[in-house]
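# Architecture and fold: a report
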Amino acid sequence: MSDGATALAVLANARVVTPGGVIENGWVSVADGRIAAVGASDAPSDARTVDLDGAWLLPGFVDLHMHGGGGHDVTASPDAMAGAVAFHRAHGTTSTLISLVTAPVEQLREQVTWAAALTSTTGGVLGAHLEGPFLSHARCGAQNAAHLRLPDRDAFADLLAAAGGTLRSMTIAPELPGALELVADVVAAGTVAALGHSDATYAQARAAIDAGASLCTHLFNGMRPLHHREPGLVGAALESGIACELINDGVHVHPAVTSLLGARPEQLVLVTDAIDAAGVGDGQYLLGGQAVRVQDGQARLASTGSLAGSTLTMAEAVRRAVLDSGLPIEVASAAASGNPARVLGLQDRVGAISPGRTADFAVLDEQLQVRAVMAAGVWQGTSPAAPRDALQTVTNTGLDQ
Ligand SMILES: [Zn+2]
Ligand SMILES: [Zn+2]
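Reading guide: rules and limits
Residues numbered from 1 in each chain as written. Chains lettered and ligands numbered in written order. Predicted model: local features only at pLDDT ≥ 70, side-chain atom pairs only at ≥ 80, totals over all residues. Heavy atoms only, no water. Helix = DSSP H or I, 4+ residues; strand = E, 2+ residues; numbered from the N terminus. Buried < 20%, exposed > 50% of the residue type's maximum accessible area, 1.4 Å probe, protein only. Expected span 1.5 Å × (residues − 1). Contact = heavy atoms within 4.5 Å. Donors = N, O, S within 2.8 Å, 3.2 Å for Na, K, Ca; no water. Salt bridge = Lys/Arg side-chain N within 4 Å of Asp/Glu carboxyl O. Axes fitted to C-alpha atoms, helices over the stretch in contact; angles between N-to-C directions. Parallel < 35°, antiparallel > 145°, perpendicular 65-115°, else oblique. Left-handed = near helix turned anticlockwise from the far one by under 90°. Nonpolar A, V, L, I, M, F, W, Y, C, P; charged D, E, K, R; others polar. Core = buried A, V, L, I, M, F, W, Y, C linked by side-chain atoms within 4.5 Å. Phe/Tyr/Trp six-rings, centres within 6.5 Å; stacked < 30°, edge-to-face > 60°. Lys NZ or Arg CZ within 6 Å of the ring centre and 35° of its normal. Tetrahedral: all angles 85-135°; square planar, octahedral: opposite > 155°, others 65-115°. Pairing = 2+ DSSP bridges. pLDDT = per-residue confidence, 0-100. Polar contact = N/O pair within 3.5 Å; in protein donor to acceptor, adjacent residues only side chain to side chain.

### Quick word on unusual backbone geometry
- Each neighbour pair has its own omega, and for Gly132 with Pro133 the value is 15°, a cis peptide bond.
- In this structure, Pro133 sits in the loop between β10 (125–131) and α4 (153–163).
- The phi torsion at Phe220 lies on the positive side, around 85°, for a residue other than glycine.
- Position of Phe220 among the secondary structure elements: in the loop between β13 (215–216) and α7 (232–240).
- For Phe220, a relative accessible area of 27% puts it in the partly exposed group.

### Considering helix α3 (residues 105–121)
- An ideal rise of 1.5 Å per residue puts 24 Å on 17 residues; α3 measures up with 24 Å between its terminal C-alpha atoms.
- Where the residues of α3 are buried, they touch α2 (78–90), β9 (93–101), β10 and α4.

### Quick notes on the coordination of the zinc ion (ligand 1)
- The protein atoms that coordinate the zinc ion (ligand 1) are Glu131 (OE), His197 (NE2) and His218 (NE2), at distances spanning 2.0 to 2.1 Å.
- All donors to the zinc ion (ligand 1) come from one chain, and their sequence spacing reads E-x65-H-x20-H.
- The metal-metal distance between the zinc ion (ligand 1) and the zinc ion (ligand 2) comes to 3.5 Å, with Glu131 coordinating both. Residue Glu131 is located in strand β10, and its partner His218 is located in the loop between β13 and α7; the two are separated by 87 residues in the primary sequence. Both residues of the pair, Glu131 and His218, count as buried.

### Concerning the pattern of salt bridges
- Applying the stated criterion to the full structure yields 12 salt bridges.
- For Arg319, the salt bridge identified is with Glu316, shortest N-O distance 3.1 Å. With Arg319 and Glu316 both in helix α9 (residues 314–323), this residue pair falls three residues apart, about one helical turn.
- For Arg320, the salt bridge identified is with Asp324, shortest N-O distance 3.3 Å.
- According to the relative accessible area criterion, Asp324 is partly exposed, its value standing at 41%.

### Brief notes about the packing of helix α6 (residues 202–210) against α7
- Where α6 contacts α7, the two axes come as close as 7 Å, and the packing angle between them is 40°. With respect to α7, the element α6 is oriented oblique. Note that α6 runs across α7; the crossing there is right-handed. Contact with α6, carried on its side by Tyr202, Ala205, Arg206 and Ile209, involves Gly232, Leu233, Gly235, Ala236, Ala237, Glu239 and Ser240 of α7 and no other residues of that element.
- Grouping the constituent residues of the contact of α6 with α7 by class yields six nonpolar, three polar and two charged.

### Comments concerning the nonpolar core
- Ranked by internal contacts, the top residues of the largest apolar core, which has 89 residues, are Ile98, Leu100, Leu219 and Leu270.
- Among the elements that make up this core, the one with the highest residue count is helix α10 (residues 329–343) (seven residues).
- When near neighbours in sequence (up to four residues on either side) are disregarded, Leu100 contacts His67, Val74, Thr75, Met81, Leu108, Gln111, Val112, Ala128, His129, Leu130 and Glu131.
- Residues Val28, Val30, Leu57 and Phe361 belong to the second largest nonpolar core, which totals 17 residues.

### Observations concerning the packing of aromatic side chains
- If you walk through the whole model with that rule in mind, you get zero aromatic pairs.
- Lying across the ring of Trp56, Arg15 places its NZ or CZ 4.0 Å from the centre.

### Side note on the coordination of the zinc ion (ligand 2)
- Taken together, the protein donors to the zinc ion (ligand 2) comprise His65 (NE2), His67 (NE2), Glu131 (OE) and Asp273 (OD), at separations of 2.1 to 2.2 Å.
- The coordination sphere of the zinc ion (ligand 2) comprises four donor atoms, whose angles at the metal cover 83 to 172°; the geometry is irregular.
- Every donor residue of the zinc ion (ligand 2) comes from the same chain, spaced as H-x1-H-x63-E-x141-D.

### Focus on the sheet that holds strand β18 (residues 298–301)
- A sheet is described by the order of its strands in space; here three strands give the open sequence β16-β17-β18, paired in antiparallel fashion. Pairing within the sheet leaves two strands with one partner each, and these edge strands are β16 (283–287) and β18. Ignoring which end each strand starts from, the neighbouring axes of this sheet average 35° apart.
- Sheet analysis places strand β17 (residues 290–295) next to β18, joined by four bridges and oriented antiparallel. Counterpart to Gln295 in the pairing with β18 is Gln298.

### Focus: the pairing of β17
- With burial as the criterion, only one face of β17 is covered, namely that bearing Gln290, Val292 and Val294; the residues Ala291, Arg293 and Gln295 on the opposite face remain uncovered.
- Two elements, β16 and β17, share five bridges in a ladder whose sense is antiparallel. Opposite Gly283, over in β17, you have Val294 as the bridge partner.
- Hairpin connection, β17 to β18: the antiparallel pair is bridged by two residues, and Asp296 has positive phi, about 50°.

### As for the confidence of the model for the protein chain
- Summary statistics for the protein chain give a mean pLDDT of 93 and a share of 94% for residues scoring 70 or more.
- The model gives residues 1–6 a pLDDT under 50, and that stretch makes seven contacts with residues more than four places away or in other chains.
- Contacts for the low-pLDDT stretch residues 386–401, under 50 throughout, to residues beyond four places or in other chains number 30 contacts.

### Here's the deal with the environment of Arg168
- By secondary structure assignment, the location of Arg168 is in strand β11 (residues 167–172).
- The class of Arg168 is partly exposed, set by a relative accessible area of 23%.
- With 33 residues separating them in the primary sequence, Arg168 and Thr201 have C-alpha atoms 26 Å apart.
- Setting aside residues no more than four positions away along its own chain, Arg168 makes contact with Leu97, Leu126, Gly127, Ala128, Thr191, Val192, Leu344 and Leu346.
- Separated by 3.0 Å, the side chain of Arg168 and the backbone oxygen of Leu126 make a polar contact.

Quick look at the structure:
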C-alpha cells in the first residue's frame, strides 16, 4: 500500500498551524483517529478529501481550567459535568480538565469521583483540577471563603485516592503554613502543583517553585499585583519560567498584558476559567454556592463584585490573542494547545498537528471563529464539507492498528 492508501481521510487546502510554523495550502491525513501525515501542497490523491477552502487548521484546544459552560456547572451533577465538557468540545476544546472550586472536602471527594468516571468514559476528559481549598483568604476572589482551610496532607491524600489517578492539578497558596510540604506531596503523586489565589511574596512563591510547583493559576488574578520592589507570585512565576495561565477575555487582563506575555511563548497557557454562563448569556448564576451576576459577558460575585470566572471559550481566547493583542497565530495556538499539553506531560498525545498525535482539530474561518471541530478523527456536529461518510469510515476502523 502507498501512504495515500492508508490515509482514510485528508483535510486539504488549509492553513495548517504546526509547531514549526504555518503551512500555507497544507494538508493533514487522518487514520485510526490519529494524525498520519502532514504536508504542503500535493495532498495524497487516493484518499477521500475534505477541502477546507483556505481555513485555519489548529490543533484542538487543551483547557487546564474549566468550571462549566453551556448552562452546565461541573459541580452540579455528573450529567452537568458531561454537559459542560460537550459545550466546550463543540467550541474546539478537545481536551480539558474539570476544575472544582473550593468546597467542603466531602463534597470535593464526591466531585472528583464524578470527574474520574467521566475521564474513563469520555475521550478528551483529562482529569480534575482542584482549585482549593488550600487558598488565601486575602486573595480568594470568588472562592467560597467559608470553606478555605490550611494545607492538610491527609485531606490531599484522601482526595488523591478518591480520584483514582485522575487528579491532574491542584492550586495552592504557597505562603500558607504547611504549603511547601503539600507541594512536595502533590508533585510526588504525579499531580501538577499550581500556585494561585495567593498573597505570597516573591520569596514565598519562589520557595514553592523550588519545591516543584510548575504552574501559576490565572497569572495576575487572585494574587498581589507585580511590584518592582516586591514582585510577588507574578514576578516569581514569570522569572522562573514555569507555565502561566492567562484568562484572555479582555476583562481579567488588558490586551497589552497578553501582548507582553507573547515575548514568553513557551510559558503562556490560555485558559477559560469558564463558568456555566459561558455560551448562555447575561443573568444570575451560582458558583460554589455563591450568587454570580453576568452582565455584558462579565461574571462577578453579587456580594463583592469580585470577578467570578469567565464566559470565555478557548477559541475566543485565541481570537483575542491574535486580533486584540497581536500575537502570531502559531504563538496563540501553542498557548492554547501545545503548552498546556506539556504542563500535563501529554505533549506526545495531544496539542499539536504532528504525526502520531490524536486527530483533534479546530477549523477556524478568516475571523478566527470556529467553523468545525474534529475530536479523535470524528467531526463534532457537521463536517466543514459534505463527505461525512468518508470521515465516519475513519471512526469505524478501530484505534489499535
Ligand atoms: Zn480562580
Ligand atoms: Zn477557576
